[in-house]
Structures are given as C-alpha cells and as structure tokens.
Amino acid sequence: VTTTLDQPALAQQVTLLELVDRVLNKGVVLSGDITLSVAGVDLVYVGLRVMLASVATLEQRP
Amino acid sequence: MSAAAEAGASNGVAWYVYGIVEAGSEAPAGAGVEVSTVTAGRVSALVSRVPLEEYGEDAVRARLEDPAWLAGAAHVHEAVLEAALRSGAVVPFRLLTIFRDCDGLHDFLATRGDDLRALLERVRGREEVGVKAFVDRAVLDEAVAADTPALRELDAEIASAQIGRAYLLQRRREQALDQEAGRRIAELAGVLHGRLRDAAEAGVANAVQSHEASGRAEEMVLNGAYLVPSGDDRFERELDALREEYRAVGVTFERTGPWPPYNFVPRELGEA
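The shown structure was predicted, so the numbers you read here are calculated from the model rather than taken from an experiment. (Residues numbered from 1 in each chain as written. Chains lettered and ligands numbered in written order. Predicted model: local features only at pLDDT ≥ 70, side-chain atom pairs only at ≥ 80, totals over all residues. Heavy atoms only, no water.)

### Describing the overall build of chain A
- Assigned secondary structure in chain A consists of two helices and zero strands.
- Looking at chain A residue by residue over its 62 residues, the buried ones come to 50%.
- For chain A, the exposed area adds up to about 3200 Å²; of that, 56% sits on carbon and sulfur atoms. (Helix = DSSP H or I, 4+ residues; strand = E, 2+ residues; numbered from the N terminus. Buried < 20%, exposed > 50% of the residue type's maximum accessible area, 1.4 Å probe, protein only. Areas by Shrake-Rupley, 256 points an atom, 1.4 Å probe, with all protein chains shown as cover.)

Dropping the structure here:
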C-alpha cells in the first residue's frame with residue numbers, strides 16, 4: 001500500500017474526525033478467526049481517543 | 001479472480017477488504033492504492049494485499065496510536081469505496097477488516113454470498129446523503145425569550161426588582177431559558193429528521209457531534225443519514241423547503257454525499 005494518494009472527494013466535505021468516526025463506527029463488522037482481531041470493538045475507542053487528542057493539529061496541516 | 005489475488009496466501013501478507021461489489025465489477029482505480037477483486041459466486045471483495053509488518057494485529061495496535069497513520073488509513077478506505085461507488089453498488093466494511101489469507105476470504109464470500117447479495121440489492125441505485133442541521137443559539141434564545149410567557153414575566157420582574165433579587169431572578173431566567181431551548185432543540189431534531197426520512201427511502205439519526213468534531217460554532221441539532229433513490233429529487237426538494245422554513249429561527253443545513261452506504265448496512269451480516 002502506497003502512502004501517497006488522491007484525497008477522497010468527500011473528505012473535503014467533512015472534518016477528519018467525522019471521516020474517521022464514520023469508517024470506524026459504520027459498515028459491516030466481521031468477527032471470528034477468519035479476520036485479524038484488530039477489527040475488535042476496542043478499535044473505535046482507541047481510534048477516536050487518538051483522533052480527538054490530535055485532530056486540531058492534523059487539520060491545521062495544509 | 002485477479003492475478004494478484006490468485007497468488008494466494010504468502011508469507012507476510014494479509015488481505016485488506018474494503019467492501020463488497022457485484023461480481024464482474026472492475027477493481028476501482030485512482031484511489032492511490034492497488035486494489036483487486038476476489039470473487040466467489042455473484043459477489044466480489046475489493047481487496048489490497050497488505051504487509052503483516054504494517055497490518056498485523058500488534059502492528060495495527062501500535063499504529064492506531066499514530067493519528068497521521070489512522071487518518072491515512074481512513075482516507076485510503078474511503079477513497080477506494082468512493083471510487084467503487086462511481087460504477088455500482090457497494091457494501092462498505094469497517095476500516096481495518098483484514099483476512100488472514102485468501103482461502104479464508106474465498107470461503108467467506110462463498111458461504112455468506114446470499115447475505116452479501118441481499119445487501120447489494122438493498123443499496124443498488126440508491127445514495128447515502130448526510131444532512132446536518134445546526135442552530136445559532138443566540139437567534140434561538142432570542143426567539144424563545146420572546147414567545148415564552150414565563151420568560152417574559154421573569155424579564156418584567158427583573159426590570160423592576162432590587163439588585164439582589166434581580167440577580168436571583170436572572171439565574172432563574174437562565175435556567176428556564178436553557179430548559180426551554182433544550183426542549184425546542186429536541187423537538188426540532190424530531191421534526192427535521194421525520195420530514196427528511198419521509199422524503200427518503202430510509203433514514204438514521206446519529207448522535208450529534210461536539211463542536212470539535214463538527215468544526216462549527218453553532219450547535220448541531222441533527223446528524224442524519226438518508227438513503228435516497230438516485231435521480232429522485234423529492235429528498236432535495238424537501239431539504240430546500242426546510243432550509244427556507246427554518247432560516248428565520250437560526251437553523252442552517254449542511255448536506256454531504258453521496259457516501260458509500262455506511263449507515264444502511266447492518267453491523268453484522270444476517271441482521272435485518
């Protein structure tokens with residue numbers, strides 16, 4: 001996976017925090033042995049805590 | 001199955017699944033990552049082969065603490081789903097859904113194909129539109145103070161009261177104003193959501209966001225998502241009508257989309 005990419009078009013319509021909230025909290029969630037357990041519920045809390053702490057600085061970037 | 005997918009499980013590689021599309025769909029290009037499809041029956045998964053070094057369980061746990069990495073992952077996920085959405089129906093999976101190997105993914109598609117197919121049917125030809133409504137509290141408070149008899153009486157009392165008593169009355173007024181404004185915001189949220197949902201095929205009212213999350217000074221009263229048939233303008237006309245009707249009381253609307261239908265797929269397969 002490359003790290004340079006086109007910005008998703010809709011990312012410009014919402015804050016970064018909202019985008020992260022959406023992709024972490026919505027969508028089909030799979031559980032069980034077939035997937036890696038990073039898809040576990042704690043993801044939501046870890047991710048949002050980190051984003052909340054840093055969203056201001058991230059969004060100030062050009 | 002694409003050539004990349006056919007290579008199967010190899011050491012140090014896992015399979016990141018963005019979501020599901022109909023079998024035969026092209027893997028989306030232009031999202032900045034190499035995406036291929038893995039197909040079983042009538043459904044295909046949109047996948048990227050990812051290094052376990054970066055996407056293994058421990059690695060992801062560590063990287064989740066890095067906001068720049070998390071933001072990048074969210075952007076890639078969204079970009080791939082948006083690109084796929086331009087050519088057909090998509091069932092979005094949650095960020096960081098990673099299969100251990102391609103055989104497991106193939107089995108999953110084969111055994112849950114009917115459920116996935118049903119979800120694709122549900123969202124095909126429809127768009128998820130986000131609508132947020134905000135209220136300017138200064139404008140709302142003024143309207144509430146003007147047309148709530150109890151508050152008008154308090155204002156009159158305050159105007160003629162001694163300074164000590166005026167202070168107590170002022171506190172009481174603030175509480176009464178807050179309570180009434182809160183009641184009206186809840187009522188407003190219900191009315192706005194109800195009308196938008198009635199003009200759409202389905203609607204979800206999500207928790208309203210803090211000022212940090214919304215990036216707005218006004219108070220969010222509605223954070224809705226609506227499933228709208230493509231090309232049907234009934235929803236847009238209702239939204240325009242609401243903008244007109246509620247402008248005078250300090251309500252503004254923010255529309256986003258079309259989104260991958262995040263809000264209209266069940267959290268777990270097999271749920272309604």
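Having seen the model, we can carry on.
### Notes on the confidence of the model for chain A
- With 44% of its residues at a pLDDT of 70 or more, chain A has an overall mean of 67.
- Confidence drops under a pLDDT of 50 for residues 1-5 of chain A, and excluding neighbours within four residues, the segment shows 13 contacts in the predicted structure. (pLDDT = per-residue confidence, 0-100. Contact = heavy atoms within 4.5 Å.)

### Thoughts on helix α4 (residues 67-85) of chain B
Residue and element names in this part refer to chain B.
- In this model α4 runs 27 Å from its N-terminal to its C-terminal C-alpha over 19 residues, within 8% of the 27 Å that 1.5 Å per residue would give.
- Counted residue by residue, α4 has 16 buried out of 19 residues, so it is predominantly covered.
- Where α4 begins, the side chain of Asp-66 points an oxygen toward the backbone nitrogen of Ala-68, at a separation of 3.0 Å. (Expected span 1.5 Å × (residues − 1). Polar contact = N/O pair within 3.5 Å; in protein donor to acceptor, adjacent residues only side chain to side chain.)

### Quick word on the packing of helix α8 (residues 149-160) of chain B against helix α9 (residues 163-198) of chain B
Residues and elements named next belong to chain B.
- With their axes 9 Å apart at the nearest point, α8 and α9 run at an angle of 165° to one another. The orientation of α8 relative to α9 falls into the category roughly antiparallel. Regarding α8 and α9, the two cross each other, and that crossing is left-handed. Across from Leu-151, Leu-154, Asp-155, Glu-157 and Ile-158 in α8, the residues of α9 making contact are Arg-165, Ala-166, Leu-169, Gln-170, Arg-172, Arg-173, Ala-176 and Leu-177.
- Of the residues contributing to the contact of α8 with α9, the split by class is seven nonpolar, one polar and five charged. (Axes fitted to C-alpha atoms, helices over the stretch in contact; angles between N-to-C directions. Parallel < 35°, antiparallel > 145°, perpendicular 65-115°, else oblique. Left-handed = near helix turned anticlockwise from the far one by under 90°. Nonpolar A, V, L, I, M, F, W, Y, C, P; charged D, E, K, R; others polar.)

### What to know about the sheet that holds strand β6 (residues 126-135) of chain B
Residues and elements named next belong to chain B.
- Strand order in this open sheet of four strands is β7-β8-β6-β9, and the pairing throughout is antiparallel. Each edge of the open sheet carries a strand with a single partner, namely β7 (202-206) and β9 (251-259). On average, each strand axis in the sheet is tilted by 20° relative to the strand beside it, whichever way the strands run.
- Note: β6 against strand β8 (residues 219-229), 10 bridges, orientation antiparallel. Among the inter-strand pairings, Glu-128 is bridged to a residue of β8, identified as Leu-227. (Pairing = 2+ DSSP bridges.)

### Details of the side chain of Glu-54 of chain B
- Summarising the element assignment, Glu-54 of chain B is placed in helix α2 (residues 52-55).
- At 2.7 Å, the side chain of Glu-54 of chain B and the side chain of Trp-69 of chain B are in polar contact.

### Quick word on the pairing of strand β2 (residues 36-40) of chain B
- Taken across its five residues, β2 of chain B has four buried, putting it largely inside the fold.
- Count of turn residues in the β2 of chain B/strand β3 (residues 43-51) of chain B antiparallel hairpin: two residues, of which Gly-41 of chain B carries a positive phi of about 60°.

### With respect to the pattern of salt bridges
- The tally for this structure, following the rule as stated, stands at 28 salt bridges over all chains.
- Arg-124 of chain B is the salt-bridge partner of Glu-121 of chain B, the closest N and O atoms lying 2.8 Å from each other.
- One salt bridge connects Arg-184 of chain B with Glu-180 of chain B, and the closest N-O pair in it is separated by 3.0 Å. Of the two residues, Arg-184 of chain B and Glu-180 of chain B both sit in helix α9, four residues apart, roughly one turn of that helix. By the burial criterion, Arg-184 of chain B is buried, and Glu-180 of chain B matches it.
- Put simply, Glu-18 and Arg-22 of chain A together with Glu-128, Lys-132, Arg-216, Glu-218 and Glu-254 of chain B are held in one network by salt bridges that share partners. (Salt bridge = Lys/Arg side-chain N within 4 Å of Asp/Glu carboxyl O.)

### What to know about the nonpolar core
- Among the nonpolar cores identified, the biggest contains 36 residues, and Tyr-16, Tyr-18, Tyr-55, Val-80, Leu-95 and Leu-96 of chain B are the most heavily contacted of them.
- Breaking this core down by element, the ones donating at least two residues are α1 (16-25) of chain A together with β1 (13-22), β3 and α4 of chain B.
- It is α4 of chain B that contributes the most residues to this core, 10 residues altogether.
- With 25 residues, the next largest nonpolar core counts Leu-140, Leu-151, Tyr-226 and Val-251 of chain B among its residues. (Core = buried A, V, L, I, M, F, W, Y, C linked by side-chain atoms within 4.5 Å.)

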